[in-house]
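Fold and geometry: a report
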Amino acid sequence: MIKNLASGDKTAPKTISRDQETISVITSKNKPQWQRELANAIRSADLLCERLGLKAIGSDATTTQAKASGAEAGMTQKDGDEASLSAVLEQFPVLVPESFLKRMTPQNPRDPLLLQVLPSFHELDKAVGYSFDPVGDRQSVFAPGILQKYPGRALMITVGQCAVHCRYCFRRNYPYHQSPRSLEQWGPSLDKLRQNRQIEEIILSGGDPLVLSDQRLAKLIGQLDAINHLKRIRVHTRLPIVLPSRVTEGLLDLFRHSRLQPIFVVHANHPNEIVDDCAEAIVRMVRAGIPVLNQAVLLKGINDTTGTQAELCRRLINLGAIPYYLHQLDRIEGAAHFETGVALGKKIIEELKQQLPGYAVPKYVREIPGEPGKTELT
Ligand SMILES: *Cc1c(COP(=O)(O)O)cnc(C)c1O
Ligand code: SF4
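Residues numbered from 1 in each chain as written. Chains lettered and ligands numbered in written order. Predicted model: local features only at pLDDT ≥ 70, side-chain atom pairs only at ≥ 80, totals over all residues. Heavy atoms only, no water.

Here we look at the side chain of R238
Mapped onto the secondary structure, R238 falls in the loop between strand 5 (232-236) and helix 10 (239-242). Those residues within four positions of R238 in sequence are excluded, and the remaining contacts are F100, Q116, V164, C166, Y168, D208, H267, A268, N269 and E273. (Helix = DSSP H or I, 4+ residues; strand = E, 2+ residues; numbered from the N terminus. Contact = heavy atoms within 4.5 Å.)

Considering the site of ligand 2
The immediate surroundings of ligand 2 are formed by C162, V164, C166, C169, G207, R238 and H267. When each cavity is represented as a set of grid points, ligand 2 is found to reside in the largest pocket. Split into classes, the residues belonging to the shell around ligand 2 amount to four nonpolar, two polar and one charged. (Near = heavy atom within 4 Å. 1 Å grid on protein atoms, 1.4 Å probe; cavity = no way out; pocket = protein on both sides within 12 Å on 5 of 7 lines; lining within 4 Å. Sits in = over half its atoms within 2 Å of the grid points. Nonpolar A, V, L, I, M, F, W, Y, C, P; charged D, E, K, R; others polar.)

Remarks on the site of ligand 1
Lining the immediate environment of ligand 1, one finds K149, Y150, R153, L155, I203, R234, Y324, Y325, E367 and K374. For ligand 1, an oxygen atom lies 2.7 Å from a polar atom in the side chain of R234. Between ligand 1 and the protein, one listed contact pairs an oxygen atom with a side-chain N or O atom of K374 at 3.0 Å. Taken by itself ligand 1 offers 390 Å² of open surface, and the protein chains cover 94% of this. If you map ligand 1 onto the pockets, it falls in the largest pocket. Considering only residue class, the shell around ligand 1 consists of five nonpolar, no polar and five charged. (Polar contact = N/O pair within 3.5 Å; in protein donor to acceptor, adjacent residues only side chain to side chain. Areas by Shrake-Rupley, 256 points an atom, 1.4 Å probe, with all protein chains shown as cover.)

Brief notes about the sheet that holds strand 4 (residues 201-206)
Spatially, 1-2-3-4-5-6-7-8-9-10 is the arrangement adopted by the ten strands of the open sheet, whose pairing is mixed. Looking at strand neighbours, the two that pair on one side only are strand 1 (141-143) and strand 10 (375-376), the edges of this open sheet. Direction of pairing for strand 6 (residues 261-266) relative to strand 7 (residues 292-297): parallel, over a ladder of three bridges. Each bridged residue has a counterpart across the sheet, and for F264 the counterpart in strand 7 is V292. (Pairing = 2+ DSSP bridges.)

Details of the environment of L344
Take L344: it is sitting in helix 14 (residues 342-355). By relative accessible area, which is 28% here, L344 ends up partly exposed. Placed 39 residues apart in sequence, L344 and T305 show a C-alpha to C-alpha distance of 8.5 Å. (Buried < 20%, exposed > 50% of the residue type's maximum accessible area, 1.4 Å probe, protein only.)

So, the pairing of strand 4
The buried fraction of strand 4 amounts to six of the six residues, a majority that puts the element mostly inside the structure. Judged by which residues are buried, strand 4 turns out to be covered on both faces: E201, I203 and S205 on one side and I202, L204 and G206 on the other are all buried. Pairing between strand 3 (residues 153-159) and strand 4: six bridges, direction parallel. Bridge pairing in strand 4 places R153 opposite E201. Handedness of the crossover joining strand 3 and strand 4 through helix 8 (residues 183-195): right-handed. Where strand 4 meets strand 5, four bridges bridge the pair, whose relative direction is parallel. Bridge pairing links I202 to I233 in strand 5. (Right-handed = clockwise from strand over helix to strand, strands pointing away.)

Digging into the pattern of salt bridges
Counting across every chain of the model gives 21 salt bridges. R194 is the salt-bridge partner of D191, the closest N and O atoms lying 2.4 Å from each other. On the criterion of helical spacing, the pair formed by D191 and R194 is a turn pair, its members being three residues apart in helix 8. For D191, a relative accessible area of 35% translates into the label partly exposed. Classification of R194 by relative accessible area gives partly exposed; the value is 35%. A salt bridge links K347 to E351; the shortest N-O distance between them is 3.6 Å. Residue K347 and its partner E351 are located together in helix 14, separated by four residues, close to a single helical turn. (Salt bridge = Lys/Arg side-chain N within 4 Å of Asp/Glu carboxyl O.)

Regarding unusual backbone geometry
Note that the residue after G206, namely G207, is joined by a cis bond; omega there is 20 degrees. Secondary-structure assignment places G207 in the loop between strand 4 and helix 9 (214-225). Not every positive phi belongs to a glycine, and Q107 is a case in point at roughly 60 degrees. One can find Q107 in the loop between helix 6 (98-102) and helix 7 (114-117). Judged by its relative accessible area of 60%, Q107 falls in the exposed class. Unlike most non-glycine residues, D276 shows phi in positive territory, near 50 degrees. If you trace the backbone, D276 turns up in helix 12 (residues 276-287).

A short note on helix 13 (residues 306-319)
The end-to-end C-alpha separation of helix 13 is 20 Å, in line with the 20 Å expected for 14 residues at 1.5 Å each. Three or more residues of helix 13 are buried, namely T306, T308, Q309, A310, L312, C313, L316 and I317. Each element contacted by the buried residues of helix 13 is listed here: helix 12, strand 7, strand 8 (322-327) and helix 14. Backbone geometry just downstream of helix 13 places G320 in the positive-phi region, at approximately 95 degrees. (Expected span 1.5 Å × (residues − 1).)

Considering empty space enclosed by the protein
Following the criterion strictly, the structure yields two cavities of 30 Å³ or more and no others. There is about 40 Å³ of room inside the largest cavity. In this structure, the largest cavity is lined by N294, A296, Q309, L312, C313, L316, P323, Y324, Y325 and P362. Elements that contribute at least two residues to the lining of the largest cavity include exactly strand 7, helix 13 and strand 8. With four residues, the top contributor of residues to the lining of the largest cavity is helix 13. (Points joined across faces, edges and corners; volume = space filled by probe spheres on them.)

Below, the structure is given as structure tokens:
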């Protein structure tokens, strides 16, 4: 079962089980660098604010910066709202790795990277048409932890955690606890996958599948490798963007040595994300021979101009990564303040077509529950 893994030779299973034993005695010293960085990520709005030299109002750690951003937008807040925002933040707290923070401009409360991760009182706004499950995930469960919406491909909710909390996230309310956890628990779902010969591509998603350790990924890939009708393994991940140190040679080897064709789909929204260690991580993936695609979400006040989108696309293609999708925002409760009009998105795409090579222009899409694929907005 664990054939073809890691080094691809017969000693691989032994190496893996030895590694597993070491996991249980792992200390913060011998943890991989990326795991240490994740453990040390910023988890409070107050600290985030402080690190950027932005003023935090009041003293409560979770509501101060949100209040600041609310105030910035000209809002006044009642105490009751503060209490409910605290409740929201308890469910979906601030999470920002140091690497991503470094790419923000100090003292700029409108920094496009900051706005993706900064909680706001607007998350409490009730907007018509917004719900907890705007994309019909709950109706598409193929087996516990596996969604199938489209022919030929199935999506595995491998883990609930991410390395960053994006305030617009469409899965911010997903019932992750209903997904299997250990590989043993995945058994019955993998059996169903084994029985469905129509599925050629497995998409590892979450959460973010790359928060899993190399050891756990190796075991999972081993199981998937052994399902004969699968041909491709796709990874939907934001870690190469927000925590680039995750992209190690060891990680790339796991996918390079899989029987399945790997495809990485990363998620960057703004050109300022594609610099320094992040740009280097993209180059590592591309040089490893793995196709790298990007999906972005059109976000009001963050990347909703042609200039910004064009620069994002240019930085990606200059590194060998291809713009794949530009998503119209999914209508998840708490994210209405990020929505832009579809007419604007269409205009941006038309203008991109006039400036960039055909392969550099992403497809502008929206997810409509019940449709057999993403719906292109043209
Ligand atoms: C978006 C999505 C996919 C992938 O769609 P592609 O058009 O192949 O990128 C697959 N499964 C689910 C459940 C999805 O939401
Ligand atoms: S990384 Fe992806 S899944 Fe995680 S919070 Fe951001 S958008 Fe959501």
